[in-house]
Structure formats: structure tokens, C-alpha cells
Amino acid sequence: MSNVTVIGTQWGDEGKGKIVDWLASRADIVVRFQGGHNAGHTLVVGDQVYKLSLLPSGLVRGKTGVIGNGVVVDPEALLSEIDRVSAQGLVVNPETLWVADNVPLILPLHVATDRAREAARGDRKIGTTGRGIGPAYEDKVARRAIRLCDLAEPETLDWKLDELLLHHNTLLAGLGAATFTKQEILDHLARLAPRVLPYACSVWERLDEARRAGRRILFEGAQAVMLDVDHGTYPFVTSSNTVAAVAASGSGVGPGSVGFVLGIAKAYTTRVGEGPFPSELFDDVGQKLGERGREFGTVTGRPRRCGWFDAVLVRRASRVGGVNGIALTKLDVLDGFEEVKICIGYELDGQMITSFPSSPAAQARLKPVFESMPGWQETTFGARSWADLPAAAIKYIRRIEELIEAPVTLLSTSPERDDTILMRDPFED
Ligand code: GDP
Ligand code: IMO
Ligand code: MG
């Protein structure tokens, strides 16, 4: 009986939320371990749609939700998300939601710095979500972050904020943006502290107890391997590590607790924000994928860039992410195409390559090499068994497995929770 860790294998929005919600019925605890409210996970349960950014998707199943130390938390965003989902009937209280008391906080100055820097980058912008994620992680590593536990010792905030403001105000002033006063930030934190502090606890200890008691833990990744700060398309990445190994360090458990790593991959590829995307389509096929897949960012509403499935990237993401099995999502979006294509390599400066270079300049020059396969006209939308799939769709899945060198163990055929086909139960591995 294993724990399970879910990670994205492309550039995010693969459908991690839907799969985590589905798997959560088999788990006791669901843990977020990196990222912040840059994530947007959409769950469809009957006529209810839940859009979660910071809260672990397991809360929708009534499971314990945990925000681990590897997450960066905007307390205002957290409280407004709690209010929003509570209005939808979910029970969120300090019994059902545990937040690590050592999480770094995202403050309004992080949002201001994120946005001012993006504006200054002009054409070279990263296309961040503008939520202060990068600056908050920078402050953590620079050892000047305000952490959740600091709110319980307000007398220490004075000098901590001096250091933080020195850094951010210097930067903001240099970029011609408005600066912050200490009093503004103190008032902001004093207002939020009484509501957010009750959720603070020693997450590592509670997870340790849960583990000893034999409870099953599901780790919910945000973003994806190609957005990982080390392994992704740097600098067009997010500011955290997104690979499965981080489930351990980002929640305070040993690496043995990560368990089965389920990589989520869309049956095609999308990306929000800037950066290289070799299999991107600029024609009506790309437009059709976007329309059929309803590819608009959950967080920012930006249209997602669309392209064919890139097997080179998913193979690489599976390797560095430690993936044991793939959940292939949104297969139904490919219904009705004459042909479907898979990117099997790239042409770089006249040479065929089947690996992904690290240099952003080389990444930008990659030209995709596609393999074409017959499409299928039958619908797979809502299919709940392998036997319901057309032969051409099965061939497509089998070819993907071959190319990415990893088995497809789960299939998703609509946004709805139960439109899911299980081939191999990750908790039983
Ligand atoms: P996440 O960030 O990885 O959790 O993914 P998002 O929730 O941001 O984006 C995935 C979108 O696709 C959401 O709107 C889901 O409701 C939807 N979705 C998930 N799985 C499927 C599927 O198999 N078919 C279709 N048509 N939509 C899906
Ligand atoms: P989920 O969990 C897709 C992208 C942004 C931008 C880059 C850096 O829903 O899959 P950041 O604000 O993190 O500094 O932005 O990362 N990005 C995502 N793209 N899905 C996400 O999360 C993302 N989180 C960040 O668009 O390109
Ligand atoms: Mg998303």
C-alpha cells in the first residue's frame, strides 16, 4: 500500500486537479508541497465546479488538506479562497486544513515587485501570473521572508520588515513603481493574523503521526516539470521545483513517503505565458484544440497556446520527475480530427535530435518533427471503460506509451470526476 504523488509533465493545466480529486477517494490526506496560488485546479462534480488555487483538491472529498512548507502562501488569497469554497458547501476549518507554520508569506510588496519587473522586461517578459510567487521564493532563499509563525510574534515583525522593505522599496523605486511603508504592511498582517493563525501547525509532525498510523497520503503537485526552475524551459519557468522529489522536502517527510509517482499528461500540449513550445500550432488545428479543450487559464483567463503532443518532452519529464505511470487526460478533445500528430524529435540547425537542449536560444530554434496517425470520428467523451474506446484512439495511446517509455495507467475523458478509466491503481503499487 503506497502513497501517491501527482505531478504535471508538460507546462501545467494537464488536469492534475481532476485526477487528484478522483484519487482522493482512496486517500486520507492530500498535501500541496510547492507553488502557490499561481496554480489553478478545476474540479467538476455534478453541477458544481470548484476552482482551487491554494487549497488542496482533497478538501472537496472531505479529506484532510495540508499546505506544506514548500508552498508560498498569500494569507489574503488563502482566506478569500476559504470563504469562496465554504460558500459552495465545503468544510474548511483548522481540523480539515493544516498549514505549515514555517511557510513563507506572499505580501502585497511581492505582487508589486513581480508586476513591476515584468513590465520592465517588456518583450522579454516571462508572462508570470503576477501573484508575487517569484519574489516570495527569492525572499525565502535570501533568508528575509516573513513566515506564518512570525505572525504569532508581532513584536519581531518590526525589524524583519525593515530588512524586507529595504530590498523591495529599493527595487520598486528603481523601477519607478510605488513603494510601501512599514505601517501599511503591519496593518495588513495584523488584520489577517487572527483568521489565518488558527490553521498554522507543525505539519511535519502531524504527517509523521499519520504515516505511522498507516494513513494514505496523496501529494498534489502544482505547475509541471517543464516549468520546474531547474528542469524546465528556464528562464520561462516558475520559481519552485515541481518534480516529485519535492513532495518530501516540501512537506517534511522522508523521500520514501513519495510513493507511486503519477505524471499527468494532456493528450496534446498547452502552455500559458511566454517561452519555447516546439510543437505549438498557429493554424486552425491549434485554434480547434483551444476551442474544444476550452483552453483558457484558470488563474489569469489568458488563452492557452496549443500544439500536438510532444513525446520528447514528456519522456524527459517522466525521467527527471521519477514517473511510474501516466494519467493521460483530455483524450476526448482529439475526437473528430482526420489525423493526430505526435512530436517525436526536432530539427536543430539542420540536424535531427531526440533530446531537449538546455539553452533557451537553441530551444527557440527547435523545429518539430511530427509522426502522423489516423484520427477517430467516434466520441470518447465521457468514456468509462477501455472497451468504449475506438481502435484508433487505443493505437494513439499505445504509441505514446512507446515513445515516452512509461505506461498509461489512467485515462480521463471529460472534466467530470467519474469519467475516468483506471488501468492500474497507483495506491496498490
Ligand atoms: P490543472 O492545473 O493541472 O489542475 O488543470 P486545470 O484545472 O487548470 O485545467 C484542466 C482543464 O481541463 C479543467 O478545466 C478541467 O475541468 C478540464 N479537464 C480535465 N480533464 C479533462 C478531460 O479528460 N477532458 C476534458 N474535456 N476536460 C478535462
Ligand atoms: P497549474 O498548477 C500553467 C506559468 C505562468 C508563467 C510561469 C511563471 O494550474 O498547472 P509564476 O507566476 O509562477 O512566476 O509564472 O509559470 N504558470 C503556470 N502555467 N499552470 C500553472 O499552474 C501555472 N503556474 C505558473 O503562466 O508562464
Ligand atoms: Mg491549472
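Criteria and cut-off values
Residues numbered from 1 in each chain as written. Chains lettered and ligands numbered in written order. Predicted model: local features only at pLDDT ≥ 70, side-chain atom pairs only at ≥ 80, totals over all residues. Heavy atoms only, no water. Axes fitted to C-alpha atoms, helices over the stretch in contact; angles between N-to-C directions. Helix = DSSP H or I, 4+ residues; strand = E, 2+ residues; numbered from the N terminus. Left-handed = near helix turned anticlockwise from the far one by under 90°. Contact = heavy atoms within 4.5 Å. Nonpolar A, V, L, I, M, F, W, Y, C, P; charged D, E, K, R; others polar. Pairing = 2+ DSSP bridges. Donors = N, O, S within 2.8 Å, 3.2 Å for Na, K, Ca; no water. Domains from an automatic or database assignment. Buried area = accessible area lost by both parts, 1.4 Å probe. Salt bridge = Lys/Arg side-chain N within 4 Å of Asp/Glu carboxyl O. Polar contact = N/O pair within 3.5 Å; in protein donor to acceptor, adjacent residues only side chain to side chain. Near = heavy atom within 4 Å. Areas by Shrake-Rupley, 256 points an atom, 1.4 Å probe, with all protein chains shown as cover. Phe/Tyr/Trp six-rings, centres within 6.5 Å; stacked < 30°, edge-to-face > 60°. Buried < 20%, exposed > 50% of the residue type's maximum accessible area, 1.4 Å probe, protein only. Lys NZ or Arg CZ within 6 Å of the ring centre and 35° of its normal.

Colleague: Even after reading the chapter, I still don't get the packing of helix α3 (residues 108-121) against helix α4 (residues 133-141), so can you show me in this structure?
Modeller: Each pair of packed helices can be summarised by the angle the axes make with each other and by the distance between the axes. Packing of α3 against α4 brings their axes to within 7 Å, and their N-to-C directions diverge by 115°. At the point where α3 passes α4, the crossing takes the right-handed sense. For the pair formed by α3 and α4, the contact residues are His 110, Thr 113, Asp 114 and Arg 117 on the first element and Ile 133, Pro 135, Ala 136, Glu 138 and Asp 139 on the second. Here the residues of the contact of α3 with α4 sort into three nonpolar, two polar and four charged.

Colleague: Honestly, the sheet that holds strand β18 (residues 420-422) in this entry has me stumped. Any pointers?
Modeller: Picture the strands of a sheet paired through backbone hydrogen bonds; they go either parallel or antiparallel. Sheet architecture is open: 10 strands sit in the order β7-β6-β5-β2-β8-β1-β9-β13-β17-β18, paired in mixed fashion. The strands lining the two open edges of the sheet, one partner per strand, are β7 (200-201) and β18. Of the strand pairs in this sheet, strand β1 (residues 4-8) and strand β9 (residues 260-266) are connected by five bridges, and their pairing is parallel. If you follow Ile 7 over to β9, its bridge partner there is Gly 263.

Colleague: What is the right way to read the coordination of the magnesium ion (ligand 3) from this model?
Modeller: Around the magnesium ion (ligand 3), the donor atoms from the protein are Asp 13 (OD) and Gly 40 (O), and they sit 2.0 to 2.1 Å away. Note that Asp 13 is positioned in the loop between β1 and α1 (16-23) and Gly 40 in the loop between β2 (29-32) and β3 (41-45), a separation of 27 residues in sequence.

Colleague: How should the domain arrangement of the protein be read in this particular structure?
Modeller: Interfaces are often sized by the accessible area lost when the parts come together. Split by domain assignment, the protein resolves into domain 1 (4-100 + 200-260), domain 2 (108-196) and domain 3 (266-428). Taking only C-alpha atoms, the centre of domain 2 and the centre of domain 3 are 37 Å apart. Listed by partner, the interface residues are six residues for domain 2 and five residues for domain 3. Of the roughly 410 Å² buried between domain 2 and domain 3, counting both surfaces, carbon and sulfur atoms make up 48%. The closest approach of N and O atoms between Glu 274 and Lys 125, which form a salt bridge, is 3.8 Å. At the boundary of domain 2 with domain 3, the tally comes to two residue pairs in polar contact (both at pLDDT 80 or more).

Colleague: What's the story with the site of ligand 2 in this structure? I'm lost.
Modeller: In the region of ligand 2, 20 residues are neighbours, and Lys 16, Asn 38, Thr 129, Gln 223 and Thr 238 sit closest. In the environment of ligand 2, an oxygen atom lies 2.9 Å from a nitrogen or oxygen atom belonging to the backbone of Gly 40. The contact in question runs from an oxygen atom of ligand 2 to an N or O atom on the side chain of Thr 238, over 2.6 Å. Relative to its unbound accessible surface of 550 Å², ligand 2 loses 98% to contact with the protein. Its residues assigned to classes, the shell around ligand 2 comprises seven nonpolar, 10 polar and three charged.

Colleague: Explanation requested: the packing of aromatic side chains in the structure shown.
Modeller: Tallying each qualifying case throughout the model produces five aromatic pairs. Plain terms: the ring middles of Trp 376 and Tyr 396 are 5.9 Å apart, the flat faces sit at 50° to each other, and that makes the pair tilted. Of this pair, Trp 376 sits in the loop between β16 (367-374) and α12 (391-404) while Tyr 396 sits in helix α12, and the two are 20 residues apart along the sequence. Given a relative accessible area of 1%, Trp 376 falls into the buried group. The ring of Trp 98 carries Arg 206 above its face, with NZ or CZ at 5.1 Å from the centroid. Taking the ring centre of Phe 337 as reference, the NZ or CZ of Lys 288 above it sits at 4.3 Å.

Colleague: Just to check I follow, could you spell out the site of ligand 1 for this structure?
Modeller: Around ligand 1 sit 18 residues, and of these Lys 16, Gly 40, Thr 42, Asp 332 and Ser 412 come closest. Gly 17 places a polar main-chain atom, nitrogen or oxygen, 2.8 Å from an oxygen atom of ligand 1. In the environment of ligand 1, an oxygen atom lies 3.0 Å from a nitrogen or oxygen atom belonging to the side chain of Lys 330. For ligand 1, the protein covers 92% of the area, taking 580 Å² as the surface of the free molecule. No other element matches α1, which puts three residues into the shell around ligand 1. For the shell around ligand 1, the residue count by class is two nonpolar, nine polar and seven charged. Looking at the shell around ligand 1, you find at least three residues from each of domain 1 (4-100 + 200-260) and domain 3 (266-428).

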